[in-house]
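As a plain string of letters, each chain reads:
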Amino acid sequence: MYRSKHISVILGLIFLLGLIIDTCSSINTTLGFTRLTFNKSYFTNHKPYNVPLGERYSFINGVHKLWVFSNDKPFRSDSPTKPRSEISINGYVYSKGVWQFEGYMFVPRGTTGVSLMQVFGGDPQATTLMVRVYDGNLYYYRSKVILNDIYDKWIRLNVIHDKDNDNIKVYINGDLKFEGRGRGGTEHYFKFGVYAQDQDSSCMESRWKDIKIYKKSH
């Protein structure tokens, strides 16, 4: 009996240690950052120029829902770009420092070939970061898988852009999934929603909530 109890205690300790290790594997990405004010006055909606905003965007019970169709017009009549329904956080344009975007995103099954989140501003390209979805997997642009199987679930996305050291980090639910160099540019801001890319689905949609913007404290 003593041996049995001893084994039970050891197994219990192993289980607790596993929980501790699992908890510690996710970090609080916002430590050392200051949360900034964020409301509608800090962002602009981009949607097909020929349709009302309410036909491509809604905000209900704290959830931003953005959708677009592959045959939609661009956001300006003179733009050669693909369809989009995005929120541009152009109330916080930065050229130095360490900045962080946080938001919970939900991508319904079937949405593919679309950018979900961007760090806008690059040289010679337009962006420093694009987080895209293809066939249910999350990508850094088109080249590297960040996370598999993202459809139909809420996922916390944190993106840290260290402009001073030209570094980008992407965290999913507190776990670092991608780190790389920036892509130049002098001014940047964050964007989220849906912006058609290659092999895009006929309808593209993403939902977002609890959006927060942070800046590194000095």
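Residues numbered from 1 in each chain as written. Predicted model: local features only at pLDDT ≥ 70, side-chain atom pairs only at ≥ 80, totals over all residues. Heavy atoms only, no water.

> So, the environment of L116: which residues are in play, and what are the values?
Looking at the secondary structure, you find L116 in strand β7 (residues 114-120). Taking C-alpha positions, L116 is 5.4 Å from R132, a pair spaced 16 residues apart along the chain. (Helix = DSSP H or I, 4+ residues; strand = E, 2+ residues; numbered from the N terminus.)

> Report on the pattern of salt bridges, specifying residues and quantitative values.
All chains considered together, the criterion is met by twelve salt bridges. A salt bridge links R56 to D72; its shortest N-O distance comes to 2.8 Å. Here D72 lies in the loop between β4 (63-69) and β5 (84-88) and R56 lies in the loop between β2 (44-46) and β3 (57-60), a separation of 16 residues in the sequence. With respect to burial, R56 and D72 carry one shared label: buried. (Salt bridge = Lys/Arg side-chain N within 4 Å of Asp/Glu carboxyl O. Buried < 20%, exposed > 50% of the residue type's maximum accessible area, 1.4 Å probe, protein only.)

> Describe the sheet that holds β7, and please don't skip the residues or the numbers.
Reading across the sheet, the seven strands line up as β2-β5-β14-β7-β8-β9-β10 and stay open at both edges, with antiparallel pairing between neighbours. On the outer flanks of this sheet lie β2 and β10 (144-147), each paired with one strand and no other. Direction aside, the axes of adjacent strands within the sheet are offset by 20 degrees on average. Taken together, the six bridges between β7 and strand β8 (residues 127-134) define a ladder with antiparallel strand orientation. In the strand pairing of β8, Q118 is matched with M130. (Pairing = 2+ DSSP bridges. Axes fitted to C-alpha atoms, helices over the stretch in contact; angles between N-to-C directions.)

> Summarise the layout of surface pockets; cite the residues concerned and give the values.
The volume enclosed by the largest pocket comes to roughly 170 Å³. Of all the elements in the fold, those that place two or more residues in the lining of the largest pocket are β3 and β15 (203-216). Ranked by the residues each element gives to the lining of the largest pocket, the list is headed by β15, at three residues. For the lining of the largest pocket, the per-class residue count stands at five nonpolar, three polar and four charged. (1 Å grid on protein atoms, 1.4 Å probe; cavity = no way out; pocket = protein on both sides within 12 Å on 5 of 7 lines; lining within 4 Å. Points joined across faces, edges and corners; volume = space filled by probe spheres on them. Nonpolar A, V, L, I, M, F, W, Y, C, P; charged D, E, K, R; others polar.)

> Could you give an account of the nonpolar core, with specific residues and numbers?
Core analysis: the biggest nonpolar cluster contains 42 residues, and I89, F101, L116, M117 and W208 have the highest contact counts within it. Looking at this core, the element that brings in the most residues is strand β14 (residues 189-196), giving five residues. (Core = buried A, V, L, I, M, F, W, Y, C linked by side-chain atoms within 4.5 Å.)

> Can you tell me about the packing of aromatic side chains, naming the residues and giving the values?
Overall, the coordinates contain 14 aromatic pairs when judged by the stated rule. Ring geometry for Y92 and W99: centres 6.0 Å apart, planes at 50 degrees, overall tilted. Y92 sits in the buried class, given a relative accessible area of 13%. Both rings, one in Y140 and one in F178, keep their centres 4.1 Å apart while their planes meet at 20 degrees; by these two values the pair is stacked. Taken together, the residues span a long stretch of sequence, with Y140 in strand β9 (residues 137-140) and F178 in strand β13 (residues 175-181) at a distance of 38 residues. Side by side, Y140 and F178 carry an identical accessibility label, which is buried. The rings of Y42, Y92, Y94, W99, F101, F190, F192 and W208 are connected pair by pair, giving a single aromatic cluster. Residue placement shows R142 over the ring face of Y134; its charged tip is 3.6 Å from the ring centre. Geometry around W154 places K209 over its ring, the cationic atom sitting 4.4 Å from the centre. (Phe/Tyr/Trp six-rings, centres within 6.5 Å; stacked < 30°, edge-to-face > 60°. Lys NZ or Arg CZ within 6 Å of the ring centre and 35° of its normal.)

> Tell me about the confidence of the model for the protein chain, and please be specific about residues and values.
Of the residues in the protein chain, 89% reach a pLDDT of 70 or more, and the chain-wide mean stands at 90. Confidence drops under pLDDT 50 across residues 9-24; counting only partners more than four residues distant or on other chains, this segment forms zero contacts. (pLDDT = per-residue confidence, 0-100. Contact = heavy atoms within 4.5 Å.)

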